[in-house]
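Each chain is listed here by its residues.
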Amino acid sequence: MSSAIQVLIPVAAGFEDMEVVICSDILRRAGCRVVLAGLTPGPVTGGRGLSLYPDQVWENILETDYDLVLLPGGTGGVENLEKHAPLLTLLQQRTRRGALIAALCAAPGLLARQHLLDNRHVTAYPGVLDPLSHQYHYESSAVVVDGPLITSRGPGTAMDFALTLVELLLGPEKRQETEIPLQRSSC
C-alpha cells in the first residue's frame, strides 16, 4: 500500500463534519491512503457534533511527504488550524514547491491570510474571501483548480470537490470508477 497516493487531512475542533467525512470517504474509495491527523492526542469534535478519532497525531505524520494536503472548513476548525504553526509552515513549504493543496469552505481564508492564494484563481464559502480582492482572482464556481491549488465552496460542494481531487490524482477513469457506484443524480 506504500505506492498509494497519500492524502493528509488535518482536523481540529470545529471542523465541518460533512467535508471531512465526504472527502476522506471518496478519496479512500478511490484507493488513496488518507490520514486524518489530529493536532493533539484524542478525539476531535466537529462543528455539528461528530466526534472522530484521528488516524494519527500531528507529530507522527511529519516524516511522510504527502501527495496532497486537504484543509477542511468549518469556521472553528479553520481558526484552530490557523493557530497551529507547524501546519502553517508545511503549507508555506508546499506552496513554494508547487505541491498540491486543497481547501474548501472557510479554509481558503486561512490560505489568504498566509498570502498563499496570491495571484491564484480561487473560490470559498460566501463571505470568507473578498470577491473584489486584488490578492487573488475570486470565482463563484463550485470547484476551482489553479495549478497545484484546488478550492471549493462548502459542504454542498464536497462531493464534487473530492471527485475532482480523485481525477487530478488518479485520472478521469478512476474518477468515473469511483463516482458510478455513488448513484449521483444527473439532475
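Everything here concerns the structure above.
First things first, this report covers the structure right here in the doc. Note that this is a predicted model, so its numbers are computed, not measured.

All right, on to the pairing of strand β2 (residues 33-38) then. For β2, a buried count of five out of six residues is recorded, marking the element as mostly surrounded by other parts of the structure. Looking at chain direction, strand β1 (residues 6-11) and β2 are connected through six bridges and run parallel. Bridging across to β2, proline 10 finds its partner in alanine 37. As judged from the two bridges shared by β2 and strand β5 (residues 56-57), these two strands associate in the parallel manner. Each bridged residue has a counterpart across the sheet, and for alanine 37 the counterpart in β5 is glutamine 56.

Before going further, it helps to examine helix α2 (residues 75-82). Buried residues of α2: Gly77, Val78, Leu81 and Glu82, and no others. Along the long axis of α2, the arc covered by the buried residues comes to 135°, so they all point the same way.

Let's shift gears to unusual backbone geometry. Its identity as a non-glycine residue notwithstanding, histidine 115 has a phi of 60°, on the positive side. Here histidine 115 lies in the loop between α4 (107-113) and β8 (121-122). Assessed through its relative accessible area of 52%, histidine 115 is described here as exposed. Phi at asparagine 119 is positive, roughly 65°, even though this residue is not glycine. By the element assignment, asparagine 119 lies in the loop between α4 and β8.

Quick look at the packing of helix α1 (residues 17-29) against helix α5 (residues 158-170) now. For the pair α1 and α5, the least separation of the axes is 9 Å and the interaxial angle reads 30°. In terms of axis orientation, α1 runs roughly parallel to α5. Along this stretch, α1 crosses α5, giving a crossing that reads as right-handed. In contact with Glu19, Ile22, Cys23, Ile26 and Leu27 of α1, α5 contributes Ala158, Met159, Phe161, Ala162, Leu163, Leu165, Val166 and Leu169. Residue composition of the contact of α1 with α5, by class: twelve nonpolar, no polar and one charged.

Reading the values: rules and limits
Residues numbered from 1 in each chain as written. Predicted model: local features only at pLDDT ≥ 70, side-chain atom pairs only at ≥ 80, totals over all residues. Heavy atoms only, no water. Buried < 20%, exposed > 50% of the residue type's maximum accessible area, 1.4 Å probe, protein only. Helix = DSSP H or I, 4+ residues; strand = E, 2+ residues; numbered from the N terminus. Pairing = 2+ DSSP bridges. Arc of directions from axis to C-beta. Axes fitted to C-alpha atoms, helices over the stretch in contact; angles between N-to-C directions. Parallel < 35°, antiparallel > 145°, perpendicular 65-115°, else oblique. Left-handed = near helix turned anticlockwise from the far one by under 90°. Contact = heavy atoms within 4.5 Å. Nonpolar A, V, L, I, M, F, W, Y, C, P; charged D, E, K, R; others polar.

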